[in-house]
Amino acid sequence: MFKNYLKIALRNVRRHKAFSVINIAGLAIGIASCLLLFTVVRYELSYDTFQPNYKQIYRVVTQVKFEDGITYNPGIPVPALNALRLDFPQIITGSMFSSFGSQVTVNGADATNDQTDKKFIEEIGFSFCDPQFFQVFHYDWMVGSPTVLNEPNNTILTQKLGNKYFGDWRKAMGKYLKLDNKILVKVAGILKDPPLNSDFPLGIVTSYKTLQANAEAYTYLDSWKSTSSDFQAFVLLPKNVLADNINQQLLTFNNKYNPTHPKSGRLTSIFLQPLSDIHFDKRFSNNGDHITSKTTLLTLSLIGLFIILMACINFINLSTAQAVGRSKEIGIRKLLGGFRSQLFGQVIGETAFIVIASVILALGIALLVLPFISNVALIHEPLNLFNWQTISFLFILIITISLLAGTYPAFILSGFKPALALKNKIT
């Protein structure tokens, strides 16, 4: 049966070349547009989902209420870090202090080599962390372990920066760098390059003790009255601990360590922000290159849906218009004993054939356009269309479009009365 449907579909495509080209091209452009929108939306929704404990990681953030409004800060006061560890021992808490636009000088094997011209400005990815940060977040280590960050003046690099500074990351271990022309550090570990779809684009990570010893160089203020977005704390909650319960306890925590004076006109509090919200919450800044609104992603998804619906409506109009020309064929098939269900299946099969051809052409169009996506969306890594998400999406799309676009023409064609069809009296 399916072989017969395929033969009939191929015959109709050859017989009605103009119709077939218009139908396949129209569907292909619609599917390609929908596929590209799906790729962008899927990529934005994938931020930091590679973390094994993605749903259990939270950032501790600050909210300040004034008489005329509310402000938000992704950071917390520096002393809050140790206080959190003291009052919440069941929770793993890690810290990160980010510096943007810092200079890195490559001294190499000679720690005193200040005459080198190998100097780089790192706009993002320059940070100070403690070992607990790598208990909250998971990264693969090529050389070393988080324990190297227990010592002052130790730093770790990603493979990318190791190649950038030393030509080959394998040559980086034991070499020296000077940070912002002030701090001499030694490379003590190498991280595997993390995925780019992350709001924590690690590049060079220096021990937290190094920051503490050079507080003035980075405006590191160990005071409850100072909150900087550069200093952020992250927690990993056990599976049996709810964030809402911790947020209730944080109200008492804040009153205990950082009470607000009644006459100050401001009320400061801290709470947990899920890792899954960081990339989409415009109340806060992040360490990455951009924040995306979920409303924007929903709008893009709706645009993709409307494009597919218009392509299906166009297909239905063309198929229905062609139905009259096939009236004799349908009439003869019915006179020879063809059932309506068989004719219905034949038309759906022909539609599926055209849809599959359109999907193949759409993949070609999408592959040609994909490299230019970065011009309109902040995607900095090469995207692969041939992954399980895209294949699943296309499979669902083929079934949906075949049923959506083929049902009405199939209903019309299979409903022709043989006598009227053979006399060309179908209107």
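Residues numbered from 1 in each chain as written. Predicted model: local features only at pLDDT ≥ 70, side-chain atom pairs only at ≥ 80, totals over all residues. Heavy atoms only, no water.

1. A look at the environment of N387
Relative to the helices and strands, N387 is located in the loop between α11 (340-369) and α12 (388-414). At 2.9 Å, the side chain of N387 and the backbone nitrogen of T390 are in polar contact. (Helix = DSSP H or I, 4+ residues; strand = E, 2+ residues; numbered from the N terminus. Polar contact = N/O pair within 3.5 Å; in protein donor to acceptor, adjacent residues only side chain to side chain.)

2. A look at the environment of P371
Its place among the elements puts P371 in the loop between α11 and α12. By relative accessible area, which is 56% here, P371 ends up exposed. Taking the C-alpha atoms as reference points, P371 and E381, separated by 10 residues in sequence, lie 9.6 Å from one another. (Buried < 20%, exposed > 50% of the residue type's maximum accessible area, 1.4 Å probe, protein only.)

3. Some remarks on the packing of helix α3 (residues 80-87) against helix α7 (residues 243-257)
At their nearest, the axes of α3 and α7 sit 12 Å apart, and the two run at 125° to each other. In terms of their interaxial angle, α3 and α7 are classed as oblique. Considering only the axes of α3 and α7, their crossing is right-handed. On the side of α3, the interface is formed by A80, A83, L84, L86 and D87, while α7 contributes L250, F253, K256 and Y257. A per-class count over the contact of α3 with α7 returns seven nonpolar, no polar and two charged. (Axes fitted to C-alpha atoms, helices over the stretch in contact; angles between N-to-C directions. Parallel < 35°, antiparallel > 145°, perpendicular 65-115°, else oblique. Left-handed = near helix turned anticlockwise from the far one by under 90°. Contact = heavy atoms within 4.5 Å. Nonpolar A, V, L, I, M, F, W, Y, C, P; charged D, E, K, R; others polar.)

4. Considerations on the side chain of Q103
Considering the arrangement of structural elements, one finds Q103 in strand β4 (residues 102-108). At a separation of 3.5 Å, a polar atom in the side chain of Q103 contacts the side chain of T105. Reaching out from Q103, the side chain makes a polar contact with the side chain of N181 at a distance of 3.0 Å. If sequence neighbours within four positions are ignored, Q103 has contacts with K119, F120, I121, K178, L179, D180 and N181.

5. Points about the confidence of the model for the protein
In this model, the protein carries a mean pLDDT of 84, and residues with pLDDT of at least 70 account for 83%. Per-element averaging of pLDDT across the protein places helix α13 (residues 418-422) at the bottom with 49 and strand β8 (residues 154-158) at the top with 97. (pLDDT = per-residue confidence, 0-100.)

6. A closer look at the packing of aromatic side chains
Under the definition given, this model contains 26 aromatic pairs. A centroid spacing of 5.0 Å and a plane angle of 65° characterise the contact between F128 and Y218, whose relative ring orientation is edge-to-face. Of this pair, F128 sits in strand β6 (residues 126-129) while Y218 sits in the loop between α6 (208-213) and β12 (231-236), placing them 90 residues apart in sequence. The burial state of F128 is the same as that of Y218; both residues are buried. Plain terms: the ring middles of F133 and F134 are 5.4 Å apart, the flat faces sit at 80° to each other, and that makes the pair edge-to-face. Pair check on accessibility: F133 and F134 agree, each one buried. An aromatic cluster of three or more residues is present, and its members are F97, F126, F128, Y208, Y218, Y220 and F231. Above the plane of the ring of Y72 lies R283, whose end atom (NZ or CZ) is 4.6 Å from the centre. The ring of F280 has K294 sitting right over it, with the charged end atom 5.1 Å from the ring centre. (Phe/Tyr/Trp six-rings, centres within 6.5 Å; stacked < 30°, edge-to-face > 60°. Lys NZ or Arg CZ within 6 Å of the ring centre and 35° of its normal.)

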